[in-house]
Amino acid sequence: MVMKKLALIISAILLLAVAMWMSKDFYRGQSDKPDYRATAGELLLAFAADEQEATRKYAGKRIEVTGILSAFRKENDRFEIALKDTEERRILANGIWEPGHGVPVTGDTIVLKGTCSGMLLDVIFDDCIILRP
Amino acid sequence: MNRVMKFFLTHIAVLLSLQGYAQRLVDRSGTVSFFSRAPLENIEATNHQVLAVIDGKNGEVAVAMLMRGFKFDKSLMEQHFNENYIESEKYPKATFEGKILDYSPELLTRDGTHLIHVSGRLTIHGVSQTRDIETNLVKDNDGIHVTFQFPVRLKDHEVDIPKVVVANIAEEVAVSGELHFQNTEQ
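Since this is a predicted model, take the numbers as computed values, not measurements.

**Student:** When you look at the layout of surface pockets in this model, what are you seeing that I'm missing?
**Tutor:** Here the idea is plain: a probe the size of a water molecule rolls over the atoms and shows the empty space left. Roughly 1200 Å³ of internal volume is contained in the largest pocket. Around the largest pocket sit 44 residues that line it, and A:Arg73, A:Glu80, B:Ser29, B:Gly30 and B:His48 are the ones nearest its centre. Taken together, the elements giving at least two residues each to the lining of the largest pocket come down to strand E2 (62-75), strand E3 (78-84), strand E4 (90-96) and strand E6 (123-132) of chain A together with strand E1 (24-37), strand E2 (42-55) and strand E9 (172-183) of chain B. Its residues placed into classes, the lining of the largest pocket shows 14 nonpolar, 16 polar and 14 charged. Taken as a whole, the second largest pocket holds about 850 Å³ of empty space. Considering the residues around the second largest pocket, the lining is formed by 50 residues, among which B:Phe34, B:Phe70, B:Ile124, B:Val173 and B:Val175 are closest to the centre. Classifying every residue of the lining of the second largest pocket by side-chain character gives 40 nonpolar, seven polar and three charged.

Structure, rendered in structure tokens:
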């Protein structure tokens, strides 16, 4: 009888542990979801049109950006990417370089996800990961 | 956008669009850090995307950085910094605009090390203060390297620290920076 109760308690604890582990994975997936998806051109146009409003909307948010690569630099474990629009305005994105990732080439279409910091001369993105290529 | 920021950004845009022989020096990825020493914990953050411009013709200097560009070890600390203390949504940038005192163009063209003073307006959290900042400038084959260190009293820029965290955040923080300029002469 005692052994049966003990087995039930242990099973319940194990089930709870598995449920917590599974929910952690679920919420991790949720937190990786970007707040916005946009092209580099759309973001640069928004900042050019009304910097204050664009900063209010995008600064501090995780954004998935698609754009054409105009410059790439890698130093140690960090990379910096520039995405330009037709008006030669730029998004500057930096992040940790993942070993094994192919080096992008100027002219490639890049998809990256990062946190928008705002705009100085360029629109700045931090903590970026390259999703494509 | 307040008057100071508009003037500052216009100033940078004008400096960078000037045609002619004027020497313009730009650093788009300067570094500025701050350090707070308090009884309960020390706090440090670094910004690697500082924009700085020197006008070689007259020694005018402009520096700008996004407050969200400051990175902390603890993400919760970064969140509190942006949302509660510096209010990054209202005041997204910190700026300095000023001039090198006793400036001569040889400072930027002749190899050597110089201790210089830069005087101007430092704007943080929307509040400006006049500052005279001692700066080390080294000119060599690699370009111009500038380093500086100065204290900032949070109260001077109306950054309020709640009493409950006073033991965690110092009233005065140590700011330090490193800029590297290469010529953009046209």
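**Student:** Help me understand empty space enclosed by the protein, please; the structure alone is not making it clear to me.
**Tutor:** Under the counting rule described, the total for this entry stands at three cavities of 30 Å³ or more. Roughly 60 Å³ of volume is contained in the largest cavity. Looking at the largest cavity, the residues that line it are A:Thr55, A:Arg56, A:Ala59, A:Lys61, A:Ser117, B:Arg68, B:Ser88, B:Glu89 and B:Pro92. When the residues that make up the lining of the largest cavity are grouped by side-chain class, the tally is two nonpolar, three polar and four charged.

About the cut-offs
Residues numbered from 1 in each chain as written. Chains lettered and ligands numbered in written order. Predicted model: local features only at pLDDT ≥ 70, side-chain atom pairs only at ≥ 80, totals over all residues. Heavy atoms only, no water. 1 Å grid on protein atoms, 1.4 Å probe; cavity = no way out; pocket = protein on both sides within 12 Å on 5 of 7 lines; lining within 4 Å. Points joined across faces, edges and corners; volume = space filled by probe spheres on them. Helix = DSSP H or I, 4+ residues; strand = E, 2+ residues; numbered from the N terminus. Nonpolar A, V, L, I, M, F, W, Y, C, P; charged D, E, K, R; others polar.

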